[in-house]
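Chain and residue survey
Residues per chain are reported as follows:
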Amino acid sequence: MADKLGLGIDLGTANLLVFLEKKGIIFNQPSVIAFDRESGQIVAAGKAAHNMLGKVHDKISVIKPLKNGVISDMKAAKELLTYVLKEVENLTEKDLTNTSCVMCCPSEVTRIERDIIIDLARHMGISDVLIDEEIKAAALGANIDIFKSKGVMVVDIGGGTTDVGVLSFGDIVLSRTIRMAGTYIDTELAKQIKQNEKVEIGELTAEKCKIDLADLRSDAAEKTNRYAGRDIVRGIPKWVDVSSKDVNKVVVPTYEEVVKLISAVLKDTPPELSADIYQHGIHLTGGGSLIKGVEEFISSRIKVPVSVVANPLTCVAEGSKYLLKNRGDYLVNPLKL
Ligand SMILES: Nc1ncnc2c1ncn2[C@@H]1O[C@H](COP(=O)(O)OP(=O)(O)OP(=O)(O)O)[C@@H](O)[C@H]1O
Ligand SMILES: [Mg+2]
């Protein structure tokens with residue numbers, strides 16, 4: 001029998017990344033799929049489907065299969081993954097039966113949510129599936145050695161969840177997840193603009209506003225940009241001016257919640273591990289770590305050094321390579337294999 005294919009899947013709320021052993025990351029695009037409502041046929045997936053959000057007619061349904069870090073639409077998730085694997089690598093269900101697959105998930109998911117991920121893999125024809133935590137994969141993918149008996153803290157701020165974990169000796173010692181991250185900010189920002197300016201903006205515009213204007217630095221200069229939306233009273237297109245101050249009204253409280261979560265985890269961390277973290281700092285991963293000034297914002301409140309890893313958007317998928325090697329065994333340091 002041919003060698004098993006090794007596949008690592010980071011099915012995130014915002015982005016889907018697929019890692020294929022011996023090839024590397026073969027897909028890195030938004031977790032979005034578009035179907036023709038009548039025939040059920042796939043119209044687009046990934047970036048092309050993401051660009052359709054809020055822009056297509058009724059005959060097309062554009063779906064994000066994940067909400068807050070977990071699968072909310074199993075059929076769409078399966079179709080998205082199957083489509084991507086076929087399109088990019090021409091992998092069929094037959095190839096998938098001979099595959100070892102690691103799927104990453106937030107650290108605090110329910111048993112049912114984990115079972116749904118296993119079901120998804122099984123529905124795709126994959127029988128050998130391993131579920132492991134994103135923060136563990138993220139640490140390995142960022143080349144952080146978690147196999148020493150030394151406390152390492154990883155904070156992953158993604159689209160749907162913020163995950164804080166303390167790792168030592170190859171596994172997670174403690175962790176907490178909140179279902180609040182980038183997408184929450186986009187939604188709240190759109191709500192705030194609607195309420196204050198009486199202009200409705202779409203989710204793509206809200207995300208752009210955040211990426212353009214959010215700035216957590218204490219000395220950040222104020223900036224204003226103009227975005228297109230719809231006047232909710234008259235129903236006609238309208239420009240709206242949004243300032244960095246408006247955006248920060250949503251961003252700052254969200255990052256204060258992240259700080260609270262980190263503090264809560266630190267409070268429960270055994271003292272020896274906590275001493276390691278104070279000495280070596282906190283590692284940030286995920287798209288939410290790309291907001292300007294995030295290190296300063298967190299470190300000034302927690303009084304611990306904070307740094308963003310070199311590959312915040314891809315480290316989970318890159319780390320799946322190592323999880324495929326050690327298959328959850330904390331005694332096997334895959335960074336050294
Ligand atoms: N430069 C940036 N500034 C602010 N936010 C950003 C930036 N780049 C990306 N993001 C945000 O990061 C989020 C996506 O991050 P990531 O890809 O880590 O999430 P995910 O893995 O799909 O989600 P999750 O792990 O929560 O399921 C989006 O909300 C996006 O708007
Ligand atoms: Mg993620």
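Residues numbered from 1 in each chain as written. Chains lettered and ligands numbered in written order. Predicted model: local features only at pLDDT ≥ 70, side-chain atom pairs only at ≥ 80, totals over all residues.

**Overview of the overall build of the protein chain**
Helix and strand content of the protein chain: eleven helices and 18 strands. Its C-alpha atoms give the protein chain a radius of gyration of 21 Å, near enough to 20 Å, the size a compact globule of 337 residues would have. Its C-alpha atoms give the protein chain principal-axis dimensions of about 65 × 55 × 30 Å. Looking at the protein chain as a whole, 43% of its 337 residues qualify as buried. Considering only intrachain contacts with a sequence separation of at least 6, the fraction spanning at least 24 residues in the protein chain is 64%. (Helix = DSSP H or I, 4+ residues; strand = E, 2+ residues; numbered from the N terminus. Rg over C-alpha atoms; globule rule 2.2 N^0.38 Å. Buried ≥ 20, exposed ≤ 12 C-beta atoms within 10 Å, placed from the backbone. Contact = placed C-beta atoms within 7 Å.)

**Remarks on helix H2 (residues 74-89)**
When the terminal C-alpha atoms of H2 are compared, their 22 Å separation across 16 residues agrees well with the 22 Å that a helix rising 1.5 Å per residue should span. Among all positions of H2, only Ala 76, Ala 77, Leu 80, Leu 81, Val 84 and Leu 85 are buried. Relative to the axis of H2, the buried residues are bounded by an arc of 155° and lie together on one face. Positioned one or two residues after H2, Asn 90 has a phi angle of 55°, which is positive. (Expected span 1.5 Å × (residues − 1). Arc of directions from axis to C-beta.)

**Focus on the domain arrangement of the protein chain**
Domain boundaries assigned for the protein chain yield domain 1 (5-137 + 316-336), domain 2 (145-180 + 255-312) and domain 3 (182-250). Spacing between the C-alpha centres of domain 2 and domain 3 amounts to 28 Å. At the junction of the two partners, domain 2 supplies 13 residues and domain 3 supplies nine residues. Element by element, the count of residues in the side of domain 2 that touches domain 3 is highest for helix H10 (residues 294-302), at three residues. Among the residues forming the side of domain 2 that touches domain 3, the class breakdown is five nonpolar, six polar and two charged. (Domains from an automatic or database assignment. Nonpolar A, V, L, I, M, F, W, Y, C, P; charged D, E, K, R; others polar.)

**Quick word on the site of ligand 1**
Surrounding ligand 1, one finds 22 residues, the nearest of these being Gly 12, Ala 14, Gly 158, Gly 182 and Gly 287. Where the shell around ligand 1 is concerned, the elements lending two or more residues are helix H6 (182-197) and helix H7 (203-213). Among the elements that line the shell around ligand 1, the one with the most residues is H7, at three residues. Of the residues that constitute the shell around ligand 1, the class distribution is seven nonpolar, 13 polar and two charged. (Near = placed C-beta within 6 Å.)

**Considerations on the sheet that holds strand S14 (residues 199-200)**
Spatially, the three strands line up as an open sheet ordered S14-S15-S16, and their pairing is antiparallel. This sheet does not close on itself; its edge strands, each paired only once, are S14 and strand S16 (237-243). By the bridge criterion, two bridges tie S14 to strand S15 (residues 224-231) in an arrangement that is antiparallel. Bridge assignment links Val 199 to a residue of S15, and that residue is Asp 231. (Pairing = 2+ DSSP bridges.)

**Thoughts on the environment of Ile 232**
With respect to the helices, strands and loops of the structure, Ile 232 is situated in the loop between S15 and S16. The class for Ile 232 is partly exposed, based on 13 C-beta atoms found within 10 Å. It is 5.6 Å that separates the C-alpha atoms of Ile 232 and Lys 198, two residues lying 34 residues apart in sequence. Those residues in contact with Ile 232, other than ones at most four positions away along the chain, are Lys 194, Lys 198, Val 199 and Glu 200.

**Things to note about the sheet that holds strand S6 (residues 60-63)**
If you walk across this open sheet you meet the three strands as S5-S4-S6, and the pairing is antiparallel. Pairing within the sheet leaves two strands with one partner each, and these edge strands are strand S5 (42-45) and S6. Strand-to-strand twist of the sheet, defined as the mean angle between neighbouring strand axes without regard to direction, takes the value 15°. As judged from the three bridges shared by strand S4 (residues 33-36) and S5, these two strands associate in the antiparallel manner. Bridge pairing in S5 links Ala 34 to Ala 44. Sitting on the sheet, H2 is in contact with S4, S5 and S6, with an inclination near 75° to S5. (Axes fitted to C-alpha atoms, helices over the stretch in contact; angles between N-to-C directions.)

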